[in-house]
Structure formats: C-alpha cells, structure tokens
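Working through the structure, step by step
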Amino acid sequence: MREYIKTNLEVIKKDINKRKKEISRLNKLSIMQEFKEWSEDPIPEKELIWTLPDLTSVNRLKNFCRQIKKEIN
C-alpha cells in the first residue's frame, strides 16, 4: 500500500505543477499548503493503513455492507 501512496503523491504533484500555471496566486498558495500537509507527513513504517473501497456503485456498497456485518458478528 505504501508504494501506491508514494506513486499517487508523485502523480498529484505533477498535476499540481501544471495547475499552478493556470490559477490565481491565492488559489495556488492554498493548494500548495494543502498538498504540503499530505506530502510532508510521512506514514510511519509500522502504522497500519486503512483504505475504503470505491462505494459509488450500489452493488459495491451492498457487498461492502455485507462484508462488514460478516466480520463484526
């Protein structure tokens, strides 16, 4: 999971660099400030990473709810 996070941050950084050229200075500063919170706070190696699946599909949501109930009981 950690390698995906690193890769995703690199992709986001590239996109931010492109976007910075097109937006106002004030928006640029706020976006960069927000990105710094993500990129400068490394996840400790021993800390667990939890992710949620994409639940935009009704079928995925129902399946996810069934799985949670199965594990809780």
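Residues numbered from 1 in each chain as written. Predicted model: local features only at pLDDT ≥ 70, side-chain atom pairs only at ≥ 80, totals over all residues. Heavy atoms only, no water.

Glancing now at the overall build of the protein. On a plain count of helices and strands, the protein comes out with three helices and zero strands. When the helices and strands of the protein are read in sequence order from the N terminus, they spell out α-α-α. Scored against the burial criterion, the 73 residues of the protein give a buried share of 4%. If you sum the accessible surface of the protein, you get close to 7,100 Å²; carbon and sulfur atoms cover 55% of it. (Helix = DSSP H or I, 4+ residues; strand = E, 2+ residues; numbered from the N terminus. Buried < 20%, exposed > 50% of the residue type's maximum accessible area, 1.4 Å probe, protein only. Areas by Shrake-Rupley, 256 points an atom, 1.4 Å probe, with all protein chains shown as cover.)

Counting through the fold element by element, L55 comes out in the loop between helix 2 (25-39) and helix 3 (58-72). Take L55: its relative accessible area is 29%, and that puts it in the partly exposed class. The contacts of L55, once residues within four sequence positions are left out, are R60, L61 and F64. (Contact = heavy atoms within 4.5 Å.)

For the rest of this paragraph, the subject is the confidence of the model for the protein. Here the protein shows a mean pLDDT of 78. Residues at 70 or above account for 77%. Helix 3 is the least confidently modelled element of the protein, averaging 78 in pLDDT, while helix 2 averages 82, the highest of any element. (pLDDT = per-residue confidence, 0-100.)

With that out of the way, let us pick up the environment of K6. Within the element layout of this structure, K6 appears in helix 1 (residues 2-20). Overall, K6 belongs to the exposed group, its relative accessible area being 56%. In sequence terms K6 and S39 are 33 residues apart; their C-alpha atoms lie 8.9 Å from each other.

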